Amino acid sequence: MFAMISLYICIEYAIKEERAKEVIMLSIKQFEEKDLPYALTLLKEEYLEASQDYTRFFAFDSTKKKLEDLLSELYQKNPYQYTIYEGDQMVGFLMGYVLPKLWGNYDGFYSPLHGHAIKKSYKKKGYQLLYQHLAKELVDTSILSHAITLYYEDDLSMNTWFHLGFGLRLIDSYKKIDRVGNLKDKTDLSIEQVNLNDLKKLAPLIKAFQEYFEESPLFMKRAQEDPLKDYATFLKQRNHYLYSLKSGREPVALMKLRPRGENYLTSDPKSIHICGLYVQESMQSKGLASGFLNLVEAEMSQLGYELLGVDFESFNIKGANFWHKHFQPYTYTLTRRIDEQILENK
């Protein structure tokens, strides 16, 4: 009996000691330039762990230089950056940048995939402490929309941020380019790469695409006064592509692709990213989007690309249903919006 009591006391003491260690030993510091190399090491550890679930990821070395540049740029241009230490050992960091009028009339803060990393044994407590510290600074400066991108399979981090009041908004997905371009028996359909001279022919589709995002349940205001001008700017950039699917001579769908997606994982030159797909409403639910995707994949394969990515809103019901059929998620972007009434007494 005495032995059991002694064991209980020892266990209780160990628990209290561990809790005390978390409170006393974990400290938050301003991120400094000297922290960049170890921040890169932490990012590499998370990448290698994630790549066990995503066998189609490119080798880390193929994205390392781009990651170094992005991390350095994030450090140099943004004031919101912190590390968390246990004693004199850095175990994690969190940084990001400010986006003007993000999802409303107030500015927002976004921490991309390369803007944070924490050693696994410290993730829950580390993220809690870092966000608590950071969120106060953000709200004090009227930055009310907060966002962070996490690996899809990182349940520990995901659960931690869910409990911090965040919810899902954006999904990044990918697939290997392995399709044979065909439209089965739809012989009246053809694909065409659009150039600047042909852009006006797509004006009705582009307008319908913009309006689609303002409908329920998306409610995403598209502020472009001249979307054709935006598309023209897009096409003038290197390795940016716009394709149309035509029924006879009439365009019935469009697809936009660019070299880089929403995070550093898509920076490899052998990857290409879909940044827009729309099928004319009267032509939807006929399998055209899948056929269109097949044809565009064939085009991209001929250009030397091996991996195809896409990002989309989780509440885009039609789009999400389609993309989930063909692509595998690899990151989630979670968001939280602070009630602006909190500013009334500040």
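Owing to the predicted nature of the structure, the values given are computational and were not obtained by experimental measurement.

About the cut-offs
Residues numbered from 1 in each chain as written. Predicted model: local features only at pLDDT ≥ 70, side-chain atom pairs only at ≥ 80, totals over all residues. Heavy atoms only, no water. Pairing = 2+ DSSP bridges. Helix = DSSP H or I, 4+ residues; strand = E, 2+ residues; numbered from the N terminus. Axes fitted to C-alpha atoms, helices over the stretch in contact; angles between N-to-C directions. Salt bridge = Lys/Arg side-chain N within 4 Å of Asp/Glu carboxyl O. Buried < 20%, exposed > 50% of the residue type's maximum accessible area, 1.4 Å probe, protein only. Parallel < 35°, antiparallel > 145°, perpendicular 65-115°, else oblique. Contact = heavy atoms within 4.5 Å. Nonpolar A, V, L, I, M, F, W, Y, C, P; charged D, E, K, R; others polar. Core = buried A, V, L, I, M, F, W, Y, C linked by side-chain atoms within 4.5 Å.

Colleague: I'm lost on the sheet that holds strand β11 (residues 250-258) in this one. Help?
Modeller: Paired through backbone hydrogen bonds, the strands of a sheet run either parallel or antiparallel to each other. Judged by pairing direction, the sheet is mixed, and its 10 strands sit side by side in the order β4-β5-β7-β14-β8-β13-β12-β11-β10-β9 without closing on themselves. Lying at the two open borders of the sheet, with one neighbouring strand each, are β4 (97-99) and β9 (189-193). On average, adjacent strands in this sheet sit at an angle of 25° to one another, irrespective of strand direction. Of the strand pairs in this sheet, strand β8 (residues 167-176) and strand β13 (residues 307-313) are connected by 7 bridges, and their pairing is antiparallel. Within β13, the residue paired with lysine 175 across the bridge is leucine 308.

Colleague: What is the right way to look at the pattern of salt bridges in this model?
Modeller: All told, the structure shown has 16 salt bridges when counted by the stated rule. Here glutamate 297 makes a salt bridge to lysine 175, at a shortest N to O gap of 3.1 Å. With glutamate 297 in helix α8 (residues 288-302) and lysine 175 in strand β8, this pair connects stretches of sequence that are 122 residues apart. Here glutamate 297 and lysine 175 have matching classes, each one buried. Through salt bridges with shared partners, a single network forms among Glu46, Lys123 and Asp154.

Colleague: Whenever I open this one, the packing of helix α6 (residues 203-212) against helix α7 (residues 227-235) confuses me. Can you help?
Modeller: The relative placement of two packed helices is expressed as an angle between their axes plus a distance between the axes. Direction vectors running N to C along α6 and α7 enclose 105°, while the axes themselves pass 10 Å from each other. By the angle between their axes, α6 is roughly perpendicular relative to α7. Taking contact as the criterion, the partners of Ala203, Ile206, Phe209 and Gln210 in α6 are, on α7, Pro227, Leu228 and Tyr231. Per-class residue counts for the contact of α6 with α7 are 6 nonpolar, 1 polar and no charged.

Colleague: Teacher, can you tell me more about the nonpolar core here?
Modeller: In globular proteins that are soluble, nonpolar side chains generally tend to be buried together. Trp161, Leu257, Ile274 and Met300 are the most contacted members of the largest nonpolar core, which has 58 residues in total. If sequence neighbours within four positions are ignored, isoleucine 274 has contacts with Met255, Lys256, Leu257, Leu293, Leu308, Gly309, Val310, Asp311, Trp323 and Phe327. With 25 residues, the next largest nonpolar core counts Leu40, Met90, Ala117 and Tyr330 among its residues.

Colleague: Please explain unusual backbone geometry as it appears in this structure.
Modeller: Trans peptide bonds make up the majority, and among non-glycine residues the majority have a negative phi. The omega angle of the peptide bond from serine 216 to proline 217 is 5°, so this bond is cis rather than trans. In this structure, lysine 101 takes a positive phi of about 45° despite not being glycine. As for its position among the elements, lysine 101 is in the loop between β4 and β5 (107-111).

Colleague: Whenever I open this one, the pairing of strand β14 (residues 328-337) confuses me. Can you help?
Modeller: Two faces make up the sheet, and in a regular strand the side chains alternate between them. Among the 10 residues that make up β14, 7 are buried, leaving the element largely enclosed by the rest of the structure. Where strand β7 (residues 143-151) and β14 come together, 7 bridges link them in antiparallel fashion. Across the sheet, the residue bridging to isoleucine 148 is leucine 334, located in β14. Sheet topology note: the β8/β14 ladder contains 7 bridges and is antiparallel. Paired with isoleucine 171 across the two strands is tyrosine 332, which belongs to β14.

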